Amino acid sequence: MQTLTESSALVEHGFARYDLAEEFGIAESDAVFESLRAEFVDLPPDPYATEAGRNRRYARGVFLPWSREFSWIPDTHFGEQGWMNGYYQAERNPEYVGVVRKLPAWCGSAVADVGRSATGGTASS
């Protein structure tokens, strides 16, 4: 666990990479990891960048490392659009200032598998 006096890779570089095995005890051969990886095989086109060739789904969750509790924030159903999640960047994205973009939600099986793995067998949804 990082202390307040350490500088994180996220702060230093603007991104951070995590080792699944080290952080969560998940190996690449783990069924949960395979379920998560499968989620990226058939991503739908980004409805906000159809010409860019960008594909994405979006899910929101909260992980409390001190208690190893993980909960998914529920998806929202938008009629013909299906299950979506709001994606909001405030003023940090000049293309969509103040806009909540609705992005396709993850598939149910991957969400359930990842939640169970992070909590050691149980997850809230």
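It should be noted that the structure appears before, not after, this text.
Just so you know, the residues in each chain are numbered from 1, in the order the chain's sequence is written. pLDDT decides what is reported in this predicted model: residues at 70 or higher carry local features, side-chain atom pairs at 80 or more are listed and counted, and totals for whole chains, interfaces and linings draw on all residues regardless. The basis for every side-chain value is the complete set of heavy atoms in the structure, and neither hydrogens nor water enter the calculation.

> What am I meant to see in the overall build of the chain here?
The numbering of helices and of strands both runs from the N terminus, where a helix is a DSSP run of H or I of at least 4 residues and a strand a run of E of at least 2. Of regular secondary structure, the chain possesses four helices and five strands. Mapped in sequence order, the helices and strands of the chain form the string α-α-α-β-β-β-β-β-α. Residue burial is assigned from relative accessible area. The probe radius is 1.4 Å, only protein chains are included, and a residue is buried under 20% of its type maximum, exposed over 50%, and partly exposed in between. Counting over 125 residues, the chain shows a buried share of 23%. A contact between two residues is defined here by any heavy atoms of the two lying within 4.5 Å. Pairs at least 24 apart in sequence give 44% of the contacts found in the chain among residues at least 6 apart. Surface accessibility follows the Shrake-Rupley procedure with a 1.4 Å probe radius. Residue values consider only the protein chains on display as shielding. Surface accessibility of the chain: about 8,900 Å² in total, with carbon and sulfur atoms responsible for 54%.

> Which parts of the structure should I look at to understand the pattern of salt bridges?
Where charged atoms of side chains with opposite charge meet at close range, the side chains can pair. Any carboxyl oxygen of Asp or Glu within 4 Å of a side-chain nitrogen of Lys or Arg constitutes a salt bridge here. Here the structure, examined in full by the defined rule, presents four salt bridges. Between E28 and R37 there is a salt bridge whose closest N-O contact spans 3.4 Å. The class of E28 is exposed, set by a relative accessible area of 55%. Between R57 and E39 there is a salt bridge, with the nearest N and O atoms lying 3.3 Å from each other. One end of the pair, R57, is in the loop between helix 3 (31-38) and strand 1 (61-64); the other, E39, is in the loop between helix 3 and strand 1, with 18 residues separating them in the sequence.

> It is not clear to me how the packing of aromatic side chains should be interpreted in this structure. Could you clarify?
Geometrically, a pair of aromatic rings is defined through the distance of the ring centres and the angle of the planes. Any two rings among Phe, Tyr and Trp, with Trp reduced to its six-membered ring, count as a pair given centres within 6.5 Å; such a pair is stacked if its planes are under 30 degrees apart, edge-to-face if over 60, and tilted if neither. The tally for this structure, following the rule as stated, stands at three aromatic pairs. Their ring planes at 85° and their centres at 4.8 Å tell us that Y58 and Y87 sit as a pair that is edge-to-face. Here the residue Y58 occupies a position in the loop between helix 3 and strand 1, and Y87 occupies one in strand 4 (residues 83-88), the gap between them amounting to 29 residues. Aromatic pair W72 and W106: ring centres 5.6 Å apart, planes at 55°, arrangement tilted. Here W72 is found in strand 2 (residues 69-72), whereas its partner W106 is found in the loop between strand 5 (100-104) and helix 4 (108-118), with 34 residues between them in sequence. Take W72 and W106: they sit in the same class, and that class is buried.

> Please clarify how unusual backbone geometry should be interpreted in this entry.
Across residues other than glycine, the phi torsion is negative in most instances, and most of the peptide bonds are trans. Positive phi, normally seen in glycine, also occurs at A90, with a value near 55°. Counting through the fold element by element, A90 comes out in the loop between strand 4 and strand 5.

> Got a minute to help me understand the sheet that holds strand 5 in this structure?
By definition, the strands of a sheet pair up through backbone hydrogen bonds, in either a parallel or an antiparallel sense. With respect to topology, three strands assemble into an open sheet ordered 3-4-5, the strand pairing being antiparallel. A single partner strand is all that each edge strand has here, and the edge strands are strand 3 (76-77) and strand 5. A pair of strands is treated as paired once DSSP finds two or more bridges between them. Pairing of strand 4 with strand 5 involves five bridges; the strand directions are antiparallel. Each bridged residue has a counterpart across the sheet, and for N85 the counterpart in strand 5 is L103.

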